[in-house]
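Coordinates in review
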Amino acid sequence: MSKTRQAYILIAAIILIAVLALFFFRKPAIGESTSTGKLQATVATPRECALPADAGTTPHPGMVWIPAGRFDMGDSKYPEEKPVQEVAVEGFWMDKTEVSNAEYAAFVKATGYVTVAERPVDERLHPGLPEEMRKPGAVVFVMPRDADVNGPPSQWWRYIPGANWRHPGGPETTIKGKEAFPVVAIAYEDAQAYAKWKGHTLPGEAQWEWAARGGQVKAGMDHEQPKNANTWQGLFPVQNSGEDGFIGLAPVACYAPNAYGLHDMLGNVWEMTADTFTPNHSSLNSAPHSPDQLAKRNVAAASHVIKGGSFLCAPNYCVRYRTGARHEQEDDLAASHLGFRTILLAAPPTSR
């Protein structure tokens, strides 16, 4: 073998070793797991998805009409979903999608509104917090390398000062280029303020569930992990294959709508409702606490019902990508998997 050929082989070997070293020994990025011996799958995600145009005659652009109906509300997987009860809902208009970063930015620009996560934590409601948790911020999901799914959620949730709707992953992150993604890291008061500015309200729990059903009257008919939604594929919280096309948040309207024309009612982000949380469905309610009422209460912050699950729900954890599922969310705690959409109580569309 010539010396020149040997030199080429030696150089190629050195390059190969360097590439392998970079691959196997580099520090994993947030959202990437090495706990199973394999790097987290890389998924190329779009920055926006096409939203079907409104019909030229719709009186409320960006919204669809949800007809009145009666249905069996609730489910039987977790105690808070019981008992299943027959509920009647009047017709209403609902946003086709979760409120996006662009839509929320327009509200903030018009009003100068400052969200809860951008203000210091109210120590009257949360006495004794460590200094870091008194700073403005939000809780952010950070994929661990290894975790016990039956252990405390603090293994994958972190309170990060500086996290808010403009910087949902922390001060080093941005929503620039992600205007079509759902707004997150906002609290109940923030969603209420946006809805009021629009002349809308947040949906009640029954309204939300009926809309998500798409006309399905019976409870418990959607227990399988939905294929047409942004959820977690793999072993939560350490491995997500991204088979649904996304790891983490997806832009609004990337999945086909339900029978009523609503996108992302399951998965992507949890959605807030106007109903205060109760341990079960024994007493359905629809009277929310207003921000003014909450400000006057020198007690622990109230909680409201959130619905639909998020991109973090998996078969081995959460399993709340079901219309009948529900969970509680503290009113003043902003999170990176929580968003909302609004409704409008107005006349139905005219028939021709």
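Residues numbered from 1 in each chain as written. Predicted model: local features only at pLDDT ≥ 70, side-chain atom pairs only at ≥ 80, totals over all residues. Heavy atoms only, no water.

**Digging into the side chain of Thr323**
Take Thr323: it is sitting in the loop between β8 (303–307) and β9 (327–330). Among all residues touching Thr323, those that are not within four sequence positions of it are Trp208, Glu209, Ala212, Arg213, Asp222, Leu266 and Lys307. (Helix = DSSP H or I, 4+ residues; strand = E, 2+ residues; numbered from the N terminus. Contact = heavy atoms within 4.5 Å.)

**Some words on the sheet that holds β9**
Taking strand neighbours across the sheet as the criterion, the four strands line up as β9-β8-β7-β10 in an open arrangement whose pairing is mixed. Single-partner strands in this sheet number two, and they are β9 and β10 (338–339). Inspection of the sheet shows strand β7 (residues 270–276) paired to β8 by three bridges, in the antiparallel sense. When the bridges of β8 are listed, Thr276 appears paired with His304. (Pairing = 2+ DSSP bridges.)

**A few points about the sheet that holds strand β4 (residues 92–95)**
With antiparallel pairing, the three strands of this open sheet are ordered in space as β1-β4-β11. This sheet does not close on itself; its edge strands, each paired only once, are β1 (63–66) and β11 (343–344). In this sheet, β11 lies alongside β4 in antiparallel orientation, the contact comprising two bridges. Residue pairing across strands places Met94 opposite Ile343, the latter belonging to β11. Against the sheet, helix α5 (residues 205–213) engages β1, β4 and β11, with an angle of about 75 degrees to β4. (Axes fitted to C-alpha atoms, helices over the stretch in contact; angles between N-to-C directions.)

**What to know about helix α4 (residues 188–198)**
Looking at α4, one finds that the buried residues are Tyr188, Asp190, Ala191, Gln192, Ala193, Tyr194 and Ala195. Phi turns positive, to about 80 degrees, at Gly199, one or two residues after α4. (Buried < 20%, exposed > 50% of the residue type's maximum accessible area, 1.4 Å probe, protein only.)

**Topic: the nonpolar core**
Counting 36 residues, the largest nonpolar core has Tyr104, Phe141, Met272 and Phe340 as its most contacted members. When residues of this core are traced back to their parent elements, those giving at least two are α2 (101–111), β5 (137–141), β6 (157–161), α4 and β7. The biggest single contributor to this core is α4, with four residues. Excluding its chain neighbours within four sequence positions, the residues that come into contact with Phe340 are Glu98, Val99, Tyr104, Val183, Ile186, Ala191, Tyr194, Leu202, Trp270, Glu271 and Met272. (Core = buried A, V, L, I, M, F, W, Y, C linked by side-chain atoms within 4.5 Å.)

**As for the environment of Leu266**
Examined against the element boundaries, Leu266 turns out to sit in the loop between α5 and β7. As for Leu266 and Arg320, which are separated by 54 residues in sequence, their C-alpha atoms are 8.5 Å apart. Setting aside residues no more than four positions away along its own chain, Leu266 makes contact with Trp208, Ala229, Asn230, Gly308, Tyr321, Arg322 and Thr323.

**Side note on the pattern of salt bridges**
Following the criterion strictly, the structure yields 15 salt bridges and no others. Among the ionic pairs, Lys307 bridges to Glu209, the shortest N-O distance being 2.8 Å. Here Glu209 lies in helix α5 and Lys307 lies in strand β8, a separation of 98 residues in the sequence. Judged by relative accessible area, which is 0%, Glu209 ranks as buried. Each member of the salt-bridge network shares a partner with another, and the members are Glu205, Glu209, Arg213, Lys307 and Arg326. (Salt bridge = Lys/Arg side-chain N within 4 Å of Asp/Glu carboxyl O.)

**Side note on the packing of aromatic side chains**
Applying the stated criterion to the full structure yields 20 aromatic pairs. Taking the centre distance of 5.9 Å and the plane angle of 50 degrees together, the rings of Tyr194 and Trp197 count as tilted. Placement of both Tyr194 and Trp197 in helix α4 is noted, with a separation of three residues, approximately one turn of the helix. Residue Tyr194 is classed as buried on the basis of its relative accessible area, which comes to 2%. The rings of Tyr104, Phe107, Tyr113, Trp165, Tyr194, Trp197 and Phe340 are connected pair by pair, giving a single aromatic cluster. Directly above the aromatic system of Phe181 lies the positively charged group of Lys178, at a separation of 5.5 Å from the ring centroid. When the ring centre of Tyr78 is taken as reference, the NZ or CZ atom of Arg320 above it lies at 4.1 Å. (Phe/Tyr/Trp six-rings, centres within 6.5 Å; stacked < 30°, edge-to-face > 60°. Lys NZ or Arg CZ within 6 Å of the ring centre and 35° of its normal.)

**Observations regarding α2**
The complete set of buried residues in α2 reads Asn101, Tyr104, Phe107 and Val108. Taken down its axis, α2 places every buried residue within 125 degrees of arc, on the same side. Turned more than 90 degrees from where α2 packs its buried face, Lys109 and Ala110 sit exposed. Of the surrounding elements, those touching the buried residues of α2 are α4. With its phi angle positive at about 75 degrees, Gly112 sits one or two positions after the end of α2. (Arc of directions from axis to C-beta.)

**Things to note about the confidence of the model for the chain**
Low pLDDT marks stretches whose predicted atomic positions should not be read closely. Mean pLDDT over the chain: 84, with 82% of residues reaching 70 or higher. Predicted confidence is poor over residues 4–41, with pLDDT under 50, and the contacts of this stretch with residues over four places away or in other chains come to 37 contacts. Taken as a whole, residues 285–301 scores under 50 in pLDDT and shows 32 contacts with residues more than four places along the chain or in a different chain. (pLDDT = per-residue confidence, 0-100.)

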